[in-house]
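Structure at a glance
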Amino acid sequence: MASEKITAEKRTEFGKGAARRIRREHKVPAVIYGHGNDPIHVTLPGHATMLALKHGGANALLELDIEGDTQLALTKQVQIDPIKRHLEHVDFVAVVRGEKVTVDVPVVVTGEAAKETLVVTENATVSLEAEATNIPESIEVSVEGLEAGTQILASQLDLPSGSTLLVDGETLVVNVTEQVSAEALEAELADAEADAGIERDESEATDGDASAAGAEADAAGDAQAADSE
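So, how was this worked out
Residues numbered from 1 in each chain as written. Predicted model: local features only at pLDDT ≥ 70, side-chain atom pairs only at ≥ 80, totals over all residues. Heavy atoms only, no water. Salt bridge = Lys/Arg side-chain N within 4 Å of Asp/Glu carboxyl O. Helix = DSSP H or I, 4+ residues; strand = E, 2+ residues; numbered from the N terminus. Buried < 20%, exposed > 50% of the residue type's maximum accessible area, 1.4 Å probe, protein only. Contact = heavy atoms within 4.5 Å. Pairing = 2+ DSSP bridges.

Another aspect to go through is the pattern of salt bridges. The final tally for this structure, using the stated rule, is four salt bridges. When the shortest N-O distance is used, the salt bridge between Arg 21 and Glu 13 registers 3.6 Å. A salt bridge links Arg 97 to Glu 63; the shortest N-O distance between them is 3.5 Å. Placement of Arg 97 in the loop between β6 (87-95) and β7 (100-110) and of Glu 63 in strand β4 (residues 61-66) is noted, with a sequence separation of 34 residues between them. Classification of Arg 97 as exposed rests on a relative accessible area of 56%.

Spelled out as structure tokens, the structure:
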């Protein structure tokens with residue numbers, strides 16, 4: 001994954017008031033942690049940073065030019081305004097080229113399984129160790145033509161070169177099961193209620209059917225009356 005180059009400015013004002021002033025200027029407050037150094041507080045251009053984070057995905061790598069000094073920064077936490085959807089704040093971890101980092105990478109399911117199957121993503125992300133400059137944006141899992149009963153485990157994932165799986169290889173990632181019909185679900189619910197000692201009130205269903213029949217009769221009567229007129 002290539003790094004996105006962003007020009008940053010060091011900031012010396014802190015607190016909610018300072019953050020609001022920064023956002024009014026269409027910029028974003030951010031902090032860079034790591035490598036035993038004191039946190040570096042910076043201000044980033046809002047639009048350019050938003051585009052870089054969208055392009056880089058959950059683990060976007062940015063190359064920050066901080067007043068002449070270059071710092072590679074791995075995105076760790078992004079705060080977004082829930083209404084206006086603009087960036088509120090970004091936390092980064094400082095990294096260096098060649099360094100290995102631990103990241104959670106999204107799983108993306110592609111293709112279509114066999115007919116009358118249901119594809120369930122049991123784990124939406126998997127934990128990897130990868131080089132900071134070679135973190136995959138996602139891991140694709142193809143279910144094209146797979147039959148019910150097929151399970152894809154973490155050990156079966158196609159990882160990029162240099163990446164190491166950090167979760168148990170037997171972890172279930174994608175599960176292809178039989179599609180359950182509405183009738184089967186209703187029967188399963190009835191069995192569960194019976195096991196729990198819950199009795200269904202059949203009169204409600206009967207009353208509902210009677211009401212529906214009455215409505216149909218009324219509609220038919222109205223139609224006949226209209227014809228006679």
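Now that the structure has been shown, the text picks up again.
Its location among the elements puts Leu 157 in the loop between β11 (151-153) and β12 (164-165). On the basis of relative accessible area, Leu 157 is assigned to the buried category, the value being 10%. C-alpha separation for the pair Leu 157 and Ile 139, spaced 18 residues apart in sequence, amounts to 7.6 Å. For Leu 157, the contacting residues outside a window of four places in its chain are Val 126, Ile 139, Val 141, Ile 152 and Val 173.

Before going further, it helps to examine unusual backbone geometry. Phi at His 26 is positive, roughly 60 degrees, even though this residue is not glycine. Tracing the backbone through its elements, the reader meets His 26 in the loop between α1 (16-24) and β2 (27-33). One non-glycine residue, Glu 116, lies in the positive phi region at around 60 degrees. The exposure class assigned to Glu 116 is exposed, which follows from its relative accessible area of 64%.

Here the focus is the pairing of strand β9 (residues 125-131). Inspection of the sheet shows β7 paired to β9 by seven bridges, in the antiparallel sense. Note on β9: the bridge partner recorded for Val 101 is Ala 130. Bridging between β9 and β12 involves two bridges; their strand directions are antiparallel. Residue pairing across strands places Leu 128 opposite Leu 165, the latter belonging to β12.

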